[in-house]
Amino acid sequence: MTDVAAKDSLTVRDNRTGEEYDIAITDNTIAAKDLGQIRLTDDDPGLATYDPGFVNTASCRSAVTFIDGDKGILEYRGYPIEQLAEKSNFLEVAYLLIHGSLPTKEQYDTWVHEITYHTFVHENVKGFMHGFRYDAHPMGMLMASVGALSTFYPDARNISDADNRHMQIVRMIAKMPTLGAWSFRHAQGKPFVYPDNDLGYTANFLSMLFKMSEQKFEADERLVKALDVLFILHADHEQNCSTNAVRSVGSSQVDPYSAVAAGVGALYGPLHGGANEAVLRMLKRIGSKDNIPAFIEGVKDGNERLMGFGHRVYKNFDPRATIIKKACDDVFEVTGVNPLLEIAKELEKIALEDEYFVKRKLYPNVDFYSGLIYEAFQFPPEMFTVLFAIGRTPGWLAQWSELVQDKDQKIARPKQIYTGDRELTFTAASERWA
Ligand SMILES: CC(C)(COP(=O)(O)OP(=O)(O)OC[C@H]1O[C@@H](n2cnc3c(N)ncnc32)[C@H](O)[C@@H]1OP(=O)(O)O)[C@@H](O)C(=O)NCCC(=O)NCCS
């Protein structure tokens with residue numbers, strides 16, 4: 001028996017040996033390595049946990065984002081998402097995520113200045129992006145081009161230097177909209193638009209996306225605000241798949257461009273960043289309010305899935321969905337109502353009253369309305385995930401920065417349970433095929 005204080009500990013009895021172990025409980029977790037002492041023989045590697053998808057394993061300590069899924073709470077550095085969406089802006093939220101506290105006026109002005117003056121990319125990046133096929137997916141282009149930035153800034157590998165880390169963080173937050181907008185323009189066969197540093201972060205992004213021959217592209221303020229809010233809502237979400245990818249790749253001490261490229265890759269997958277596109281497809285398939293009851297019956301029979309409903313973490317409501325619904329109204333005031341909105345609202349109303357959904361705690365998530373907004377901006381569905389990636393960049397970088405300064409962290413290297421053959425005898429091909 002080990003001598004951990006009785007109260008904050010877990011007593012485990014190994015019924016294979018009859019041996020008992022006391023394992024310390026800290027922050028409601030046990031250290032997985034403490035299970036290693038539970039072994040049958042001295043050369044036994046010891047007990048481990050099996051947790052595909054890390055559904056019940058904490059991989060780090062983090063002070064960036066707090067989520068309480070049952071209560072529908074999301075906070076960045078302690079500030080509720082509702083207040084940030086209403087009263088802040090994306091660059092201030094980015095500062096908060098990266099630095100851990102709100103900026104003074106001077107810090108904010110310096111931050112905005114730094115980000116604004118790093119929006120341009122090296123001219124060779126442009127040539128590189130022109131090399132993609134005419135129909136290249138913009139997310140693939142974004143992933144490749146953010147990874148390629150590591151070759152333009154080789155000093156970025158010096159991750160133990162705080163000033164150097166700051167420089168790369170500024171560059172990446174500044175350049176993601178440029179790369180995202182150019183990926184979009186490439187697919188459209190339109191010339192790339194250089195950043196306009198007179199404009200704010202989100203207004204400049206819209207200019208790089210949509211400007212044609214006009215001297216200056218100034219988007220409607222309500223649209224700028226709505227997209228800025230969407231960026232805020234996507235800025236971080238604790239240890240999700242892409243953040244875990246950034247941390248896992250970053251744990252090898254590679255430069256942050258390569259780590260963020262891994263995050264973009266993870267976000268590209270349909271189980272992570274692609275749900276809002278699926279919502280749009282579903283709404284188009286339903287086609288009219290009259291078809292909703294039959295569709296709901298199909299969901300209840302298990303033949304359909306109500307896309308944009310349900311969440312692994314949020315079991316009462318997704319606080320981001322409430323904010324997005326409001327942004328929808330603001331956007332449609334400018335662009336005119338998307339006829340799919342009526343179907344979405346009716347679908348939500350019916351589903352929220354239906355016992356099947358109530359019993360399973362299924363509520364609209366962030367993706368239920370975001371696709372409708374993006375479509376109103378005239379983004380093709382392939383761009384939806386690019387928008388998500390731009391919003392998520394400060395979160396990825398805040399988590400990366402936390403990782404590289406965390407003394408507890410090691411290179412990510414999970415265990416496995418080996419299920420293959422052992423100790424076979426190899427016979428050379430010339431003999432096997434003789
Ligand atoms: C997000 C999601 C993957 C979470 O899944 P999860 O936490 O593993 O939840 P489960 O799959 O265990 O679902 C629990 C129950 O609700 C049902 N359910 C979950 N989401 C559902 C949905 N969108 N439509 C219909 N039924 C749903 C499941 O079939 C299951 O029912 P059962 O208990 O009768 O088997 C899931 O809700 C989903 O697929 N939603 C649609 C896709 C989506 O919007 N994704 C974006 C997330 S931000």
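These figures come from a predicted structure and were not determined experimentally.

1. Quick look at the packing of helix α6 (residues 162–188) against helix α7 (residues 201–210)
For step 1, the next point in the chain: Look at α6 against α7: their axes get within 8 Å of each other, and the N-to-C directions meet at 20°. Relative to α7, the element α6 is oriented roughly parallel. For the pair α6 and α7, the crossing hand works out as right-handed. Facing Ile173, Ala174, Pro177, Thr178, Gly180, Ala181, Phe184 and Arg185 of α6, the residues of α7 in contact are Tyr201, Phe205, Met208, Leu209 and Phe210.
For step 2, the next point in the chain: When grouped by side-chain class, the residues that make up the contact of α6 with α7 number 10 nonpolar, two polar and one charged.

2. Remarks on the sheet that holds strand β4 (residues 65–68)
For step 1, the next point in the chain: The antiparallel open sheet is built from three strands, whose spatial order is β4-β5-β6. Looking along the sheet, the strands with just one partner apiece sit at the ends: β4 and β6 (79–80).
For step 2, the next point in the chain: Relative to strand β5 (residues 73–76), β4 is paired through four bridges, and the arrangement is antiparallel. Bridged to Asp68 within β5 is Ile73.

3. Overview of the layout of surface pockets
For step 1, the next point in the chain: By volume, the second largest pocket amounts to about 320 Å³.
For step 2, the next point in the chain: Taken together, 21 residues line the second largest pocket, and the ones lying closest to its centre are Asn89, Gly200, Tyr201, Thr202 and Asp228.
For step 3, the next point in the chain: For the lining of the second largest pocket, the elements supplying multiple residues, two or more each, are α2 (90–99), α3 (105–116), α7 and α8 (221–234).
For step 4, the next point in the chain: Grouping the amino acids of the lining of the second largest pocket by side-chain chemistry returns nine nonpolar, eight polar and four charged.

4. Some thoughts on α7
For step 1, the next point in the chain: When you tally the buried positions in α7, you get nine out of 10 residues, the bulk of the element.
For step 2, the next point in the chain: Among the residues making up α7, those that are buried are Tyr201, Thr202, Ala203, Asn204, Phe205, Leu206, Ser207, Met208 and Leu209.
For step 3, the next point in the chain: Buried positions along α7 lie against α2, α3, α6, α8 and α17 (384–404).

Rules of the game
Residues numbered from 1 in each chain as written. Predicted model: local features only at pLDDT ≥ 70, side-chain atom pairs only at ≥ 80, totals over all residues. Heavy atoms only, no water. Axes fitted to C-alpha atoms, helices over the stretch in contact; angles between N-to-C directions. Helix = DSSP H or I, 4+ residues; strand = E, 2+ residues; numbered from the N terminus. Parallel < 35°, antiparallel > 145°, perpendicular 65-115°, else oblique. Left-handed = near helix turned anticlockwise from the far one by under 90°. Contact = heavy atoms within 4.5 Å. Nonpolar A, V, L, I, M, F, W, Y, C, P; charged D, E, K, R; others polar. Pairing = 2+ DSSP bridges. 1 Å grid on protein atoms, 1.4 Å probe; cavity = no way out; pocket = protein on both sides within 12 Å on 5 of 7 lines; lining within 4 Å. Points joined across faces, edges and corners; volume = space filled by probe spheres on them. Buried < 20%, exposed > 50% of the residue type's maximum accessible area, 1.4 Å probe, protein only.

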